[in-house]
Amino acid sequence: MSESQHGALKLRVKSIEAVTPEINRYTFCPADDSWLPPFSGGSHLTVLIPSEEGTKRNAYSLMSSPYDTSQYQIAVRRVDDGKGGSLAMHNNVREGDVLLAGIPANLFPVSKHARHHVFIAGGVGITPVFAQVEELSLKGSPFELHLAVRGPDHAALGCELKERFGDQVTLYGHDGQSRLNTMEILAGRPLGTHAYICGPTRMIDDVVTSAHSLGWSDANIHFERFEDLGSTGDPFSVTLARSGAVIEVSPEQSLLEAVEEAGHKLPYLCRGGACGECETEVLELDGTIDHRDDWLSESDRATCKLIMPCVSRATCTKLVINA
Amino acid sequence: MTTAPETTAFKTNETYTPEGDYQFRNSAEGVRRLPFPFPDDDYMYSMNLEPHVPAGDGALRAAFDIDEHYVSECAHRDQMLRDMPGVHYLALPHMMEAQWDLLELIFESYARDFPEQFTLTKNGNEWRWQNRLLGIDDSFTFGDPATLPMDPMEYATRQAQGEFVVLEEKDNTLVIGAGMTTQRADYSLKFNLGMSFFEFHGPVPKLHDMGILDRALKFLLRMKPGHPVRRVNWSLTVNPRLETSVETLPEWAPDRATVDSENAGEKVYLRIELQPLHRLPRSNAIVFPVRTYLVSLAELVQHAPNWAKRIHRALASLDHELVDYKGFHRYHAAAVEWLSQYDDGAPLATGYPWAPDGIQPNGQ
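Predicted, not measured: the structure shown is a model, and the values here were computed from it. (Residues numbered from 1 in each chain as written. Chains lettered and ligands numbered in written order. Predicted model: local features only at pLDDT ≥ 70, side-chain atom pairs only at ≥ 80, totals over all residues.)

### A word on the overall build of chain B
Where we set the bar: Helix and strand definitions follow DSSP, with helices as H or I runs of at least four residues and strands as E runs of at least two, each counted in order from the N terminus. We compute the radius of gyration from the C-alpha atoms alone; for a globule the expected value is 2.2 Å times N to the 0.38, where N is the number of residues. Contact between two residues is assigned when their C-beta atoms, built from the backbone, lie within 7 Å.
Broken down by element type, chain B carries 14 helices and ten strands. Taking 364 residues into account, the globule formula puts the C-alpha radius of gyration at 21 Å, and chain B, at 20 Å, falls close to it. Pairs at least 24 apart in sequence give 72% of the contacts found in chain B among residues at least 6 apart.

Okay, structure coming up:
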């Protein structure tokens, strides 16, 4: 398997293809001619993107077949006023380049108990659906897809799916007229139907509201639950009280990783904010702590006297911890 | 200090049953490579989860450890499955994908970590599996159950040490979907199949109040493929009996009354459970393996005197609710008394044996 000791994959950019005026599709193959880890439909890939302002970590849904371990595909929409990751993908990444990425993880799996799967998607939200319907199709599970696009120029990905899956796919907006109506799609469904929403927040809210008004149970409504932040975020600096060392925590590393990189030690076990081992006292703070752990209680968090360095960060001008 | 697997002498004629007269012994090297589960003199539950990365050259060197008991344990599994069909191995129909995931994980790990014993050759989906310890050389099509003589999970775990419970992610919890549990410690797979995380942990005292279960579930749901974690757990058992299920309780529970402070060293076994959890890539399921190691108190005294002292202190100070839950209140005092002869009270290192400066089996 193409995997370094830190669980990072080395991917070679095999091809780049513009599928709409603002979306590029990237096909990656393993840089070392081995094979890639398998994944499940709905998984995302965190890609490390070199940019002028340092490395960006963006998560993109995998849209290739989960059963093809020779290549991965993602689609990237250019966001001109974003954090720069998608712009760097569009402007800097070329065919033949090698990029680092994490191992695929899934926060949006399809239900194994559904009798029928209904996907409602908008725009670039269609990407996870590619892998999900591929998986369902291979298993012989019934599904249908309703995809809204902004106009004919933006319909290429939808047309691909329409070509492959025929009547199971309905496009809206590609002709400049038809509109996706969530109430119509969700009404009168038998029990055992599961709905998946892949699109902007407004679409998710709209579909969930419609589903609730029609008596759907939350257990049958699925959408990507949260951004997979890990312990990355804005940079900050921390002072270790015992040695006086001042350590810069970069956007790509956790406080714990930064301290370790600087040659200091903190206790740790799970490195995932659950075990409590790395709990550290905060001695001084000018700013706020971004608690991301499952260990500290609400009252502990509110006092800002404790921090879990393995996942939590700070937005501050000064942070001194008892280490 | 520990033995590399290349030089391990695999025992073939051990037994884990009274009918077989419990012909089970650990070598000195076999004891000293154990994942000894007592980092401190006092024991209490904790979220002792850590990244499952190779550590040392003992039981934590490989992703899935095998040792000198591999051949006899596989024979025991076969015997248990024949004795009580439909009790020790179960898989719900929608778990087939997870079964293949697990087969791949076990076979890849064994072939990578023990290349002298196992070889996995892949040509697309046409796979060849060679297991030289059990004399198996099979070819099959990955993903096609018709090309194997039985379920993929049963096929793979019949050739693996330890038991395997596969948890399906559903409605933000984990549900037991399949299991190969010929070595289970006092529960029933048939009863637990389909239970959720909080349900199957129901009988464990203190866990709920301590909030450990909530945090553990959140942590497990965030687990990603390629980033396994491990924890160790332990219990005591009378005789080197691997199969101590609820179904056979009338056969083994009376053994608890046979222990006294004279024979505790030979009768009482520490049962160590090494649990390396993995997220499975295609099914998004989580496998919860329980690799069980048995070692008698006398073997600890003989081959790992520091560990014998440590277990004496941990047992002597153990919370009474845990003594009851783990099922040894009848012989707890006898075991502590027997061990006390071998504890001089000298200070011991803290930390698991595989951690830097952790407690070593012998020496300073």
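### Section: the overall build of chain A
Inclusion rule: Each residue is classed by its C-beta neighbour count within 10 Å, where at least 20 other C-beta atoms makes it buried, 12 or fewer makes it exposed, and intermediate counts make it partly exposed; the C-beta atoms are placed from backbone geometry.
The secondary structure content of chain A amounts to seven helices and 17 strands. On C-alpha atoms alone, chain A measures out to a radius of gyration of 22 Å, which is about the 20 Å that the 2.2 N^0.38 rule sets for 323 residues. A burial count over chain A gives 41% of its 323 residues as buried. Within chain A, contacts between residues at least 6 apart in sequence are counted, and of these 65% link residues at least 24 apart.

### A short note on the sheet that holds strand E3 (residues 118-123) of chain B
Residues and elements named next belong to chain B. Going by this rule: Each pair of strands is called paired provided DSSP finds at least two bridges between the two strands. Convention adopted: a line fitted to C-alpha atoms gives each axis, helices being fitted over their contacting stretch, and angles between N-to-C directions are expressed from 0 to 180 degrees.
In space, the three strands of this open sheet follow the order E3-E4-E5, with antiparallel pairing throughout. Strands at the two margins of the open sheet, each flanked by one partner only, are E3 and strand E5 (136-141). Taking the axes of each pair of neighbouring strands and ignoring which way they run, one obtains an average angle of 10° across the sheet. Taken together, the six bridges between strand E4 (residues 126-131) and E5 define a ladder with antiparallel strand orientation.

### A short note on helix H2 (residues 127-139) of chain A
Residue and element names in this part refer to chain A. Buried residues dominate H2, accounting for ten of its 13 residues. Within the span of H2, buried status applies to Thr127, Pro128, Val129, Phe130, Ala131, Gln132, Val133, Glu134, Glu135 and Leu136. Following H2 by one or two positions, glycine 140 has its phi on the positive side, about 80°.

### Topic: the interface of chain B and chain A
Counting residues at the interface gives 23 residues for chain B and 24 residues for chain A. For the side of chain B that touches chain A, the secondary-structure elements that each account for two or more residues are strand E1 (50-51), strand E6 (163-170) and helix H8 (212-221) of chain B. By residue number, the principal contributor to the side of chain B that touches chain A is H8(B), which donates four residues.

### Some words on the nonpolar core
Defined as follows: A set of buried residues drawn from Ala, Val, Leu, Ile, Met, Phe, Trp, Tyr and Cys, joined through C-beta atoms within 7 Å, is what defines a nonpolar core.
With 66 residues, the main nonpolar core has A:Ala274, B:Leu102, B:Leu103, B:Ile106, B:Ala156 and B:Val166 as its most contacted residues. Those residues in contact with B:Ala156 that lie beyond four places of it in its chain are B:Leu102, B:Leu103, B:Ile106 and B:Phe107. In terms of nonpolar packing, the next biggest core, distinct from the first, is built from 52 residues, A:Leu9, A:Val76, A:Ala101 and A:Leu180 among them.

### A closer look at the pairing of strand E9 (residues 268-279) of chain B
The two faces of a sheet get side chains in turn, since along a regular strand they alternate between them. All names here are of chain B. For E9, the tally of buried residues reaches eleven of twelve residues, placing the bulk of the element in the interior. Pairing between strand E8 (residues 229-238) and E9: ten bridges, direction antiparallel. Looking at the pairing, serine 235 lines up with arginine 271 of E9. Here E9 pairs with strand E10 (residues 286-296) via eight bridges, running antiparallel.

### Here's the deal with helix H5 (residues 201-213) of chain A
All names here are of chain A. Selection criterion: In this analysis, the expected span of each helix is defined as 1.5 Å times one less than the number of residues it contains. Our arc is simply the arc of the directions from the helix axis toward the C-beta atoms.
Its 13 residues place the ends of H5 18 Å apart at the C-alpha level, agreeing with the 18 Å of an ideal helix rising 1.5 Å per residue. Along H5, the residues classified as buried are Met203, Val207, Ser210 and Ala211. On an axial view of H5, the arc spanned by its buried residues comes to 100°, and they lie on one face. Set apart from the buried face of H5 by more than 90 degrees, the exposed residues are Thr201, Arg202, Asp205, Thr209 and Ser213.

### Side note on the environment of B:Ala28
Tracing the sequence through the fold places B:Ala28 in helix H1 (residues 28-32). Taking the C-alpha atoms as reference points, B:Ala28 and B:Gln130, separated by 102 residues in sequence, lie 30 Å from one another.

### As for the domain arrangement of chain A
Here is the rule we go by: Residue ranges for the domains trace back to a domain assignment, done automatically or taken from a database.
Partitioning chain A into domains gives domain 1 (5-106), domain 2 (116-223) and domain 3 (236-321). Computed from C-alpha atoms alone, the centre-to-centre distance between domain 2 of chain A and domain 3 of chain A is 42 Å.

### Looking at the confidence of the model for chain A
Selection criterion: The predictor attaches a confidence to each residue, called pLDDT, with possible values from 0 through 100.
Looking at chain A as a whole, the pLDDT averages 89, with 96% of positions reaching at least 70. Confidence over residues 1-6 of chain A falls short of pLDDT 50; this stretch has 14 contacts with residues more than four positions distant or in other chains.

### Describing the confidence of the model for chain B
If pLDDT is low for a region, its predicted coordinates should not be looked at in detail. Chain-level pLDDT for chain B is 92 on average; 96% of the residues reach the 70-or-more range. The complex prediction reports pTM at 0.87, with the ipTM value standing at 0.77.

### Considering the pairing of strand E11 (residues 193-198) of chain A
All names here are of chain A. Applied cut-off: With strands facing away from the observer, any crossover in which the path from the first strand over the helix to the second runs clockwise is taken as right-handed.
Burial runs high along E11: five of the six residues are buried. Summarising the sheet, strand E8 (residues 116-122) and E11 pair through six bridges and their orientation is parallel. The partner of histidine 117 across the bridge, within E11, is histidine 194. As defined by bridge partners, E11 adjoins strand E12 (residues 221-223) across three bridges and the pair is classed as parallel. Bridge pairing in E12 places alanine 195 opposite isoleucine 221. Between E11 and its parallel partner E12, the chain crosses via H5, and the hand of that crossover is right-handed.

### Some points on the sheet that holds E11(A)
All names here are of chain A. Spatially, five strands are ordered E10-E9-E8-E11-E12 in an open sheet, and the strand pairing comes out parallel. At either margin of the open sheet sits one strand with a lone partner, and together these are strand E10 (169-172) and E12. Across the sheet, the mean angle from the axis of one strand to that of its neighbour is 15°, orientation sign disregarded. Against the sheet, helix H3 (residues 156-165) contacts strand E9 (143-148) and E10, and its axis sits at roughly 155° relative to E10. Against the sheet, H5 touches E8, E11 and E12, its axis set at about 160° to E11.

### Considerations on the environment of B:Asn263
Its location among the elements puts B:Asn263 in the loop between helix H9 (249-252) and helix H10 (264-267). Given 14 C-beta atoms within 10 Å, B:Asn263 falls into the partly exposed group.

### Some points on unusual backbone geometry
For residues other than glycine, phi is negative in most cases, and the peptide bonds are mostly trans. The residue A:Cys304 is not glycine, and still its phi comes out positive at about 60°. Unusually for a residue other than glycine, B:Asn284 sits at a positive phi of about 65°. Relative to the helices and strands, B:Asn284 is located in the loop between E9 and E10. Exposure remark for B:Asn284: the 25 C-beta atoms within 10 Å place this residue in the buried category.

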